[in-house]
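# Examining the three-dimensional arrangement
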Amino acid sequence: MISAETTTLLLTFLRIATFVFLLPPFTGRGLPKTVKIGLSFALVMGMTTGHSLSTPVPDVQRLIWLGIRESFVGGLLATCLGLFLYPAKIAGEYLNQELGLSFATNIAALEPQSQGILSQILECFAVLLFMALNVDHYLYRFLQLSLERRPVGGPIWQ
């Protein structure tokens, strides 16, 4: 039988790993998967201290359902936070089109498809601004608050 602590770690890992894999600065081929998994594991170890599953340990079907739900919550959080970086990409593509640079595309380091030059430059500036303003600390706090307000295995709507 699986203990409550192991179930909590597993469900938290699913939420945070989905978050890390889908967050725009980390998507694509720019960062190896082992680094993403290691970052997710480190975040889980730091964020689950003192937390435990409040409900009894579920059976296998319920555990699979909770895993899918936690993955969905992590993806939703990443998509919501990714909306802050998409305007730079859209503005760059618009400028590429208007300046006649749409034929000159670079292979993007973070995305599987090629990007325009100005789009890539503006997206890099947005990520640098994201890090320079220490928004990444708020990102970690946002993850911690999501675990406190909507604990793993608990009800989504209260």
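These remarks concern the structure in this document. Just so we're clear, the structure is a prediction, and the values are computed from it rather than from any experiment. (Residues numbered from 1 in each chain as written. Predicted model: local features only at pLDDT ≥ 70, side-chain atom pairs only at ≥ 80, totals over all residues. Heavy atoms only, no water.)

## Topic: the overall build of the protein chain
Looking only at helices and strands, the protein chain has six helices and two strands in total. When the elements of the protein chain are put in sequence order from the N terminus, they spell out α-α-α-α-β-β-α-α. The buried share among the 158 residues of the protein chain stands at 35%. As displayed, the protein chain has an accessible area near 9700 Å², and 71% of this comes from carbon and sulfur atoms. (Helix = DSSP H or I, 4+ residues; strand = E, 2+ residues; numbered from the N terminus. Buried < 20%, exposed > 50% of the residue type's maximum accessible area, 1.4 Å probe, protein only. Areas by Shrake-Rupley, 256 points an atom, 1.4 Å probe, with all protein chains shown as cover.)

## Digging into the environment of L139
If you trace the backbone, L139 turns up in helix α6 (residues 135-149). Separated by 58 residues in the primary sequence, L139 and L81 place their C-alpha atoms 8.2 Å from one another. Setting aside residues no more than four positions away along its own chain, L139 makes contact with F19, L23, L81 and F130. (Contact = heavy atoms within 4.5 Å.)

## Comments concerning helix α4 (residues 86-99)
Over its 14 residues, α4 runs 20 Å from end to end, which matches the ideal 20 Å to within 8%, given 1.5 Å per residue. Where α4 is concerned, the buried positions are A88, K89, G92 and N96. What you see down the axis of α4 is that its buried residues fit within an arc of 100°, all on one side. The exposed residues of α4 that point more than 90 degrees off its buried face are I90, Y94, Q97 and E98. Remark: G100 follows α4 within two positions and exhibits a positive phi of approximately 80°. (Expected span 1.5 Å × (residues − 1). Arc of directions from axis to C-beta.)

Just geometry here; none of it tells us what the structure is for.
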